[in-house]
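# Structural features, examined
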Amino acid sequence: MAKFVLIGSGLAGGLLATYLARRGHQVDLFERRADPREGNIVGGRSINLALSTRGIYALEQIGLAEEVLQHAIPMPGRMIHEKSGELHFSPYDVDPKKCINSIGRAALNTTVIEAALRYANVRVHFNHRCTEVDLEEAVAYFAMSGVEAAESAATSPAITARGDAVIGVDGAFSAVRQSMQRKVDNFQYNESYLAHGYKELTIPPAPDGSWRMEKNALHIWPRKSFMMIALPNPDGSFTCTLFWEFEGPRSFSTTKSDEEVYRFFQEEFPDAVPLMPALLEDYRENPTGSLVTIRCAPWYYKDKVALVGDAAHAVVPFYGQGMNAAFEDCVVLDDCLNEFGDNREHGFAEYFARRKENADALADLAVRNFIEMRDKTASRVFRAKKKVDHFLEAALPGIYLPLYTMVTFTRIPYAKAARRARVQDRIVYAAALAILVAVAIVAWASSP
């Protein structure tokens, strides 16, 4: 059995530690933040998670799915909020039982860490910030962070962790990946930012603890070039996220004062404003986050280092697949390491080969879905197309699957789903055109 040093005890880090530990590997898990089980959660950056089939499957393999879903709220569709206050519910799938599940990041993070710690061969170290990785020796170097940093700055030597392999599960701005960027010849790296940022806001529960809007739906206020969404929480609140341009005549940069903020929300989201008593406070105090897509290659170095989740392939959140894809990484990496046994480099290489194309496909899908959510969901044409999708799915079971269904409710690889959807669209459009031509011919032939 090998010793793995995992950098990052977020969602995928805790899950991967559990996968490796159940195979008998020794795992040292390091995290720059404080222990989330002690309530040390930084507010203002928590785009709620949408757990779906891929993520549920990953949790099922280690017996966590049922426990996690007890704290989730099922959302079988989108609730579209027009400026007029009119509401439209759009189901995600023809099967009403298929839903995505709203779950808070903190609760899920705690669950996966506690699952990992059930194994005696797992140790977790909080307040350890990775500063460098020696790729050849599989050694990670750390500085203390948080309160412990101030207490130990003058006396503590540099902290090191040595393993047979180091795995970076430390997010979009991964220290492990940065070491690879500096030291691996021809390492490919690209990051691209949307012109939009995001800000977290809150709709609190009603006085009796109930939800102030439909509980079982992902709420969207589509406004062409920007939008707001809201996901339900078990305590009766909704976590809202405003996605808006950084710059422009109406944007984060030009809307500063309380009066300007209130006027903007009153004009664009009039039905939400009465539900948000802390709107101005949330807007002032919560940071404005960036939305980045990261692509890199390779995701491994020899048999010594590998990358998982956002460290390898950060995507924007508009398909609700970031966490699900990271969990799927854990499943595939575990399969590959088990399949190739002692040849860890071959296992890392196979993991990269299986996942890279799919991660790139998801990145493209996520950006496109932003346009769909903010611009098209309010359109009658869009809603009509969704009805056609559901009709064809019901009429041709197993043959026709809408793209959203393939991505969210199956484990079909992302790239294969995207290719299949393009073929289906061409067939449907060709069939529709043939019908229109036939109708036109019949009308012409029957005319006097």
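On a predicted model such as this, the values are computed, not experimentally measured, just so you know. (Residues numbered from 1 in each chain as written. Predicted model: local features only at pLDDT ≥ 70, side-chain atom pairs only at ≥ 80, totals over all residues. Heavy atoms only, no water.)

Here the focus is the environment of Met276. By the element assignment, Met276 lies in the loop between helix 7 (258-268) and helix 8 (279-285). The exposure class assigned to Met276 is buried, which follows from its relative accessible area of 3%. C-alpha separation for the pair Met276 and Thr202, spaced 74 residues apart in sequence, amounts to 6.4 Å. Residue contacts for Met276: discarding those within four places in its chain leaves Leu201, Thr202, Ile203, Met228 and Cys240. (Helix = DSSP H or I, 4+ residues; strand = E, 2+ residues; numbered from the N terminus. Buried < 20%, exposed > 50% of the residue type's maximum accessible area, 1.4 Å probe, protein only. Contact = heavy atoms within 4.5 Å.)

Take unusual backbone geometry next. Following Ala297, the chain continues to Pro298 via a peptide bond in cis, the omega torsion being -5 degrees. Position of Pro298 among the secondary structure elements: in the loop between strand 17 (288-297) and strand 18 (300-301). Located in the positive-phi region is Lys224, a residue other than glycine, with phi close to 70 degrees. What makes Lys224 exposed here is its relative accessible area of 57%.

The next subject is the sheet that holds strand 7 (residues 100-103). The antiparallel open sheet is built from three strands, whose spatial order is 3-7-4. The strands lining the two open edges of the sheet, one partner per strand, are strand 3 (49-51) and strand 4 (73-75). This sheet shows a mean twist of 40 degrees between the axes of neighbouring strands, independent of strand direction. Relative to strand 7, strand 4 is paired through three bridges, and the arrangement is antiparallel. (Pairing = 2+ DSSP bridges. Axes fitted to C-alpha atoms, helices over the stretch in contact; angles between N-to-C directions.)

The strand order 9-10-11 describes an open sheet built from three strands, whose pairing is antiparallel. Because the sheet does not close on itself, it has two edges, and the strands there are strand 9 (128-134) and strand 11 (159-162). Ignoring strand direction, the axes of neighbouring strands in this sheet form an average angle of 30 degrees. Pairing of strand 10 (residues 139-144) with strand 11 involves four bridges; the strand directions are antiparallel. Its bridge partner being in strand 11, Phe142 is matched across the sheet by Ile159.

Glancing now at the nonpolar core. Core analysis: the biggest nonpolar cluster contains 77 residues, and Phe4, Leu6, Leu16, Leu59, Leu108 and Ile167 have the highest contact counts within it. Looking at this core element by element, the count peaks at nine residues for helix 10 (residues 322-340). Contacts of Phe4, omitting those with residues within four sequence positions, involve Leu20, His25, Gln26, Val27, Asp28, Ala165, Ile167, Leu337, Arg344 and Phe348. The next biggest cluster of nonpolar side chains, apart from the first, holds 31 residues, and it includes Met75, Leu365, Phe370 and Ala415. (Core = buried A, V, L, I, M, F, W, Y, C linked by side-chain atoms within 4.5 Å.)

Our focus in this paragraph is the environment of Val423. Mapped onto the elements of the fold, Val423 is located in helix 14 (residues 414-445). Since its relative accessible area comes to 40%, Val423 is described here as partly exposed. In this structure, the C-alpha to C-alpha distance between Val423 and Gly8, residues 415 residues apart in sequence, is 39 Å.

Attention now goes to the packing of helix 1 (residues 11-22) against helix 10. One can describe the packing of helix 1 onto helix 10 by two numbers: an axis separation of 9 Å at closest approach and a directional angle of 20 degrees. On the basis of the axis angle, helix 1 is roughly parallel to helix 10. The way helix 1 lies across helix 10 gives a crossing that is right-handed. Counted together, Leu11, Ala12, Leu15, Leu16, Tyr19, Leu20 and Arg22 of helix 1 and Met323, Ala326, Phe327, Cys330, Val331, Leu333, Asp334 and Leu337 of helix 10 form the full contact between these two elements. Split by residue class, the contact of helix 1 with helix 10 holds 13 nonpolar, no polar and two charged. (Parallel < 35°, antiparallel > 145°, perpendicular 65-115°, else oblique. Left-handed = near helix turned anticlockwise from the far one by under 90°. Nonpolar A, V, L, I, M, F, W, Y, C, P; charged D, E, K, R; others polar.)

A word on the side chain of Asp93. One can find Asp93 in the loop between strand 6 (87-91) and strand 7. At a separation of 2.9 Å, a polar atom in the side chain of Asp93 contacts the main-chain amide nitrogen of Asp95. A distance of 2.6 Å separates polar atoms of two side chains, one belonging to Asp93 and the other to Thr405. Sequence-distant contacts of Asp93, that is, excluding residues within four places in its chain, are made with Lys98, His390, Glu393, Thr405 and Phe409. (Polar contact = N/O pair within 3.5 Å; in protein donor to acceptor, adjacent residues only side chain to side chain.)

On to the pairing of strand 1 (residues 3-7). The buried count for strand 1 comes to four of five residues, which makes it a mostly enclosed element. Inspection of the sheet shows strand 1 paired to strand 2 (residues 26-30) by five bridges, in the parallel sense. By the bridge assignment for strand 2, Lys3 is matched with Gln26. Between the parallel elements strand 1 and strand 2, the chain passes through helix 1 in a crossover that is right-handed. (Right-handed = clockwise from strand over helix to strand, strands pointing away.)

Counted according to the given criterion, the structure contains 28 salt bridges. Among the ionic pairs, Arg223 bridges to Glu268, the shortest N-O distance being 3.8 Å. Taken together, the residues Arg223 in the loop between strand 14 (218-222) and strand 15 (227-232) and Glu268 in helix 7 connect sequence positions 45 residues apart. Just as Arg223 is buried, Glu268 falls in that class too. Measuring nitrogen to oxygen at the nearest pair gives 3.2 Å for the salt bridge that ties Lys356 to Asp360. Of the two residues, Lys356 and Asp360 both sit in helix 11 (residues 344-376), four residues apart, roughly one turn of that helix. With a relative accessible area of 17%, Lys356 lands in the buried category. Three or more residues are tied together by salt bridges with common partners; here these are Lys83, Arg223, Arg250, Glu267 and Glu268. (Salt bridge = Lys/Arg side-chain N within 4 Å of Asp/Glu carboxyl O.)

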